[in-house]
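Chain by chain, the residues:
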Amino acid sequence: MKNIVITFLISCLILTGCDILDENPKTILTPAGYYDTKTGIETLVNACYSRLRGFTASNTHLLRLTEQGTDIFESGVDGAINFDDYNISLTSEEITQVWEDCYIGINACNTVAYYMPLVSDMTESEKEVRLAEARFLRAYMYYHLIMQFGDVHFTLEATEGVETEANHTPVEQILDEGIYPDLRYAIEHLPASQEDYGRIDVHGARFFLAYVLLSDSRSTKSQFDEAAALAVSVIENSPYALQENRFLVYDQDNDMNNEIIWSLQFSEDESLRGDGNKTHLYFVPKYESFPGVVRAVEYGRPYARFKPTQFMVDLYDTSMDARYQAYWRDTWYAIEETDLLAIGDTSCYIPQTAWTKEQIDSKNYLVYNPEFSESLGTNYLRVFNQVFIHLKKFDDVKRPTMNEEKGTRDWVCFRMAEAYLLAGEAYFRAGDNNNAVKYINILRRNAAITGKEADMEISAADLSIDFILDERARELCGECKRWYDLKRLDKLLERTRLHNQRAADNMQTFHLLRPIPQSQIDRCSNEYAQNPGW
């Protein structure tokens with residue numbers, strides 16, 4: 001059962017008047033005798049979780065900022081905004097909404113910290129756990145802000161009344177005075193398990209601290225050693241474990257499996273669902289043009305906003321890596337009978353490597369060769385921004401109708417497969433290649449086609465930052481991690497220019513930061529500087 005079901009009422013209370021600076025709310029409703037009670041503080045902590053749903057899975061805001069315009073995804077045919085060319089408007093809804101949602105959430109977390117000492121009807125241990133959750137969530141939201149925007153407004157104080165000034169605090173200061181202390185407090189005070197599914201626990205806090213340490217440009221061997229120890233602790237001392245195979249990870253009938261360390265909840269009760277989880281819409285090609293195929297719940301509603309680059313497709317060795325078939329759809333079957341096809345016959349196939357004319361001519365179904373393969377003539381098709389392989393991780397086949405957008409699947413933030421990747425990366429960067437290979441190979445064996453486990457193993461000689469990034473792409477594609485991974489490992493410009501044709505001609509060094517939303521600048525009484533280059 002999904003136990004953290006959160007309405008948006010509390011967010012409205014926090015934002016009474018809706019007249020806000022983008023960096024934090026100007027007005028807070030603080031009813032006497034409410035937030036200083038267990039009921040009030042619990043509701044407020046739940047609101048901190050709720051804010052995350054808005055910019056992650058309920059729209060394309062964070063998806064565009066983390067997946068599109070990287071080495072593994074470019075824009076599909078749909079959607080008015082194209083992040084591939086990095087020509088981002090200062091009024092873009094994507095950057096504005098992520099900015100606002102994070103700061104609204106941060107202020108809610110600050111409010112929890114302010115009122116918690118005043119709560120009299122909770123035990124000290126209960127108060128410590130809820131405060132630890134709020135501080136973890138505050139660190140999580142500040143992380144998104146510093147990775148996207150760099151030096152940003154920083155405060156740990158709850159905002160009451162109207163504030164019209166904001167600051168640019170250096171990233172290092174936000175890490176040292178905000179993110180690290182919050183995460184260490186969370187690790188000290190969070191329990192090993194939570195009664196309510198969806199609340200962060202100590203293992204999730206350790207997982208994220210490892211990731212932040214691996215993101216900090218100042219980190220050296222001691223920080224890499226700590227990150228490795230944190231990731232290994234999650235692997236060895238938590239109740240979480242890899243699924244038996246990669247097909248089970250995103251199986252909707254297995255939606256709350258024990259590989260998931262932390263996820264955001266979307267209720268099956270429509271009145272409590274908000275905008276729902278909409279990621280099932282965005283990775284689906286325009287398949288309704290295929291013979292005998294009509295729009296159907298099983299194939300998804302085709303918004304076609306995220307197209308994998310050919311580099312992403314080529315990353316898999318399909319002779320031994322099961323993840324290509326586990327995570328991607330390359331074949332569609334007829335739903336209606338045609339002159340050439342019976343129901344259930346293959347309608348369209350997208351091969352990973354180009355077929356010859358003879359191979360294609362021998363089939364009675366459509367074949368779309370890879371995008372940059374040799375042209376075989378006008379009667380032969382190639383992948384383009386409408387037709388491409390479909391990332392099916394987020395498919396919601398239990399929606400009641402084809403047109404239902406508000407999905408009920410949880411949005412997975414942390415999972416055990418990534419803990420193995422974090423351990424491998426941390427050991428590699430600390431200079432311990434033997435342990436790095438050990439943890440990466442555990443995941444690769446798990447991802448192998450049955451009987452190919454030994455073939456999937458790598459040696460220490462195979463390890464490099466590029467290999468680690470390749471492996472993270474194979475496993476975590478589409479999960480709002482890519483832009484951060486490329487940036488923190490100093491590979492964003494190099495690999496995106498190399499593997500994303502649309503971005504190659506436009507990316508500049510200043511694109512390592514997003515522009516500050518224009519609304520933030522306009523609403524400040526002091527001068528709030530724009531990021532260089534924008």
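Peer 1: Got a minute to help me understand the overall build of the chain in this structure?
Peer 2: Along the backbone of the chain there are 19 helices and 10 strands. Its C-alpha atoms give the chain a radius of gyration of 24 Å, near enough to 24 Å, the size a compact globule of 534 residues would have. With the C-alpha coordinates aligned to their principal axes, the bounding extent of the chain is approximately 75 × 50 × 50 Å. With 534 residues in all, the chain has 60% of them scored as buried. Counted over contacts in the chain with a minimum sequence separation of 6, partners at least 24 positions apart contribute 71%. Accessible surface computed for the chain: about 20,000 Å², of which carbon and sulfur atoms make up 48%. Charged side chains in the chain number 52 positive and 83 negative. The centres of these two groups are separated by 2 Å.

Peer 1: Looking at this structure, how should I read the packing of helix α2 (residues 38–55) against helix α5 (residues 124–149)?
Peer 2: In a pair of packed helices, the angle between the axes and the distance between the axes together describe the arrangement. Orientation of α2 relative to α5, taken along the N-to-C sense of each, is 25°, at an axis distance of 11 Å. It follows from the interaxial angle that α2 and α5 lie roughly parallel. The crossing of α2 and α5 is left-handed. Residue-level inspection shows Lys38, Glu42, Val45, Cys48, Tyr49, Leu52 and Phe55 of α2 in contact with α5, the latter providing Glu126, Arg130, Glu133, Leu137, Tyr140, Met141 and His144. Its residues placed into classes, the contact of α2 with α5 shows 8 nonpolar, 1 polar and 5 charged.

Peer 1: Please explain empty space enclosed by the protein as it appears in this structure.
Peer 2: Left-over empty space is what a probe sized like a water molecule reveals as it rolls over the atoms. Taken as a whole and judged by the stated rule, the model has 7 cavities of 30 Å³ or more. What the largest cavity holds in volume is close to 130 Å³. Taken together, 17 residues make up the lining of the largest cavity; nearest its centre are Tyr140, His144, Cys413, Cys480 and Lys481. Those elements that place two or more of their residues in the lining of the largest cavity are α5, α7 (202–213) and β10 (411–415).

Peer 1: Got a minute to help me understand the pairing of strand β7 (residues 366–369) in this structure?
Peer 2: Sheet faces and side chains relate simply in a regular strand, where the side chains alternate between the two faces. In this structure, strand β6 (residues 346–349) lies alongside β7, joined through 2 bridges in parallel fashion. Among the inter-strand pairings, Tyr349 is bridged to a residue of β7, identified as Val367. In this sheet, strand β8 (residues 381–382) lies alongside β7 in parallel orientation, the contact comprising 2 bridges. Considered in β8, the bridge of Asn369 is made with Arg382.

Peer 1: Would you mind going over the sheet that holds β7 with me for this structure?
Peer 2: The strands making up a sheet associate through backbone hydrogen bonding, with each pair oriented either parallel or antiparallel. What the 4 strands build is an open sheet, ordered β5-β6-β7-β8; its pairing is mixed. At either end of the open sheet lies a strand with only one pairing partner, and these are β5 (331–333) and β8.

Peer 1: Explain helix α12 (residues 416–430) here, please?
Peer 2: For an α-helix the count is 3.6 residues per turn, leaving residues at separations of three or four pointing the same way. Compared with an ideal rise of 1.5 Å per residue, which puts 15 residues at 21 Å, α12 spans 21 Å between its outermost C-alpha atoms and is within 8% of the ideal. Count one or two residues on from α12 and you reach Gly431, which has phi positive near 90°.

Peer 1: How should I be thinking about the nonpolar core in this particular structure?
Peer 2: What tends to happen in soluble globular proteins is that the nonpolar side chains get buried as a cluster. Within the largest apolar cluster, 156 residues are counted, with the highest numbers of intra-cluster contacts made by Phe136, Ile179, Trp262, Trp328 and Phe414. In terms of residues, this core owes the most to one element, α5, which gives 14 residues. Excluding anything up to four places from it in sequence, Phe414 contacts Phe136, Tyr140, Ile200, Gly204, Phe207, Phe208, Glu259, Ile260, Ile261 and Trp262. Membership of the second largest hydrophobic core comes to 5 residues, among which are Trp355, Ile360, Tyr365 and Leu376.

Peer 1: What am I meant to see in the state of the cysteines here?
Peer 2: Put plainly, two cysteines are in a disulfide when a covalent bond ties their sulfur atoms together. Considering all chains together, one arrives at 0 disulfides under this definition. Cysteine Cys48 shares no disulfide, and the gap to the nearest cysteine sulfur, in Cys109, comes to 3.6 Å.

Peer 1: Can you walk me through the layout of surface pockets in this structure?
Peer 2: Taken as a whole, the largest pocket spans an internal volume of roughly 340 Å³. Listed by contribution, the elements that provide at least two residues to the lining of the largest pocket are α5, α6 (171–189) and α16 (482–488). When grouped by side-chain class, the residues that make up the lining of the largest pocket number 8 nonpolar, 4 polar and 6 charged.

Peer 1: What should I look at first to understand the confidence of the model for the chain in this one?
Peer 2: As a general rule, the predicted coordinates of low-pLDDT regions are not to be interpreted in detail. Mean pLDDT over the chain works out to 92, with 93% of the residues at or above the 70 mark. Every residue in residues 1–29 is under pLDDT 50, and counting partners more than four places away or in other chains gives 101 contacts.

Peer 1: Can you walk me through the packing of α12 against helix α13 (residues 433–446) in this structure?
Peer 2: Contact geometry of α12 with α13 gives a least axis separation of 7 Å together with a crossing angle of 160°. Between α12 and α13, the angle is such that the two are roughly antiparallel. Crossing of α12 against α13: the hand is left-handed. Judged by residue contacts, Ala417, Tyr420, Leu421, Ala423, Gly424, Tyr427 and Phe428 of α12 engage Asn433, Asn435, Ala436, Tyr439, Ile440, Ile442 and Leu443 from α13. Grouping the constituent residues of the contact of α12 with α13 by class yields 11 nonpolar, 3 polar and no charged.

Peer 1: So what exactly am I meant to see when it comes to the pattern of salt bridges here?
Peer 2: Between side chains of opposite charge, pairing is possible as soon as their charged atoms come close. Enumeration according to the criterion identifies 50 salt bridges in this entry. Residue Glu133 is joined to Arg130 by a salt bridge in which the shortest nitrogen-to-oxygen separation is 2.5 Å. In this pair, Glu133 and Arg130 are both assigned in helix α5, 3 residues apart and thus about one turn of the helix distant. A salt bridge links Arg495 to Asp466; the shortest N-O distance between them is 2.8 Å. Of the two residues, Arg495 is situated in helix α17 (residues 492–499) and Asp466 in helix α15 (residues 465–476); the sequence distance between them amounts to 29 residues. For Arg495, a relative accessible area of 4% translates into the label buried. Given a relative accessible area of 27%, Asp466 falls into the partly exposed group. Connected through shared salt-bridge partners, Arg246, Glu259, Asp321, Arg323, Lys393, Arg415, Arg444, Glu471, Arg474, Glu475 and Glu479 make up one network.

Cut-offs and rules
Residues numbered from 1 in each chain as written. Predicted model: local features only at pLDDT ≥ 70, side-chain atom pairs only at ≥ 80, totals over all residues. Heavy atoms only, no water. Helix = DSSP H or I, 4+ residues; strand = E, 2+ residues; numbered from the N terminus. Rg over C-alpha atoms; globule rule 2.2 N^0.38 Å. Buried < 20%, exposed > 50% of the residue type's maximum accessible area, 1.4 Å probe, protein only. Contact = heavy atoms within 4.5 Å. Areas by Shrake-Rupley, 256 points an atom, 1.4 Å probe, with all protein chains shown as cover. Lys, Arg positive; Asp, Glu negative; His and termini not counted. Charge placed at Lys NZ, Arg CZ, Asp CG, Glu CD. Axes fitted to C-alpha atoms, helices over the stretch in contact; angles between N-to-C directions. Parallel < 35°, antiparallel > 145°, perpendicular 65-115°, else oblique. Left-handed = near helix turned anticlockwise from the far one by under 90°. Nonpolar A, V, L, I, M, F, W, Y, C, P; charged D, E, K, R; others polar. 1 Å grid on protein atoms, 1.4 Å probe; cavity = no way out; pocket = protein on both sides within 12 Å on 5 of 7 lines; lining within 4 Å. Points joined across faces, edges and corners; volume = space filled by probe spheres on them. Pairing = 2+ DSSP bridges. Expected span 1.5 Å × (residues − 1). Core = buried A, V, L, I, M, F, W, Y, C linked by side-chain atoms within 4.5 Å. Disulfide = S-S within 2.5 Å. pLDDT = per-residue confidence, 0-100. Salt bridge = Lys/Arg side-chain N within 4 Å of Asp/Glu carboxyl O.

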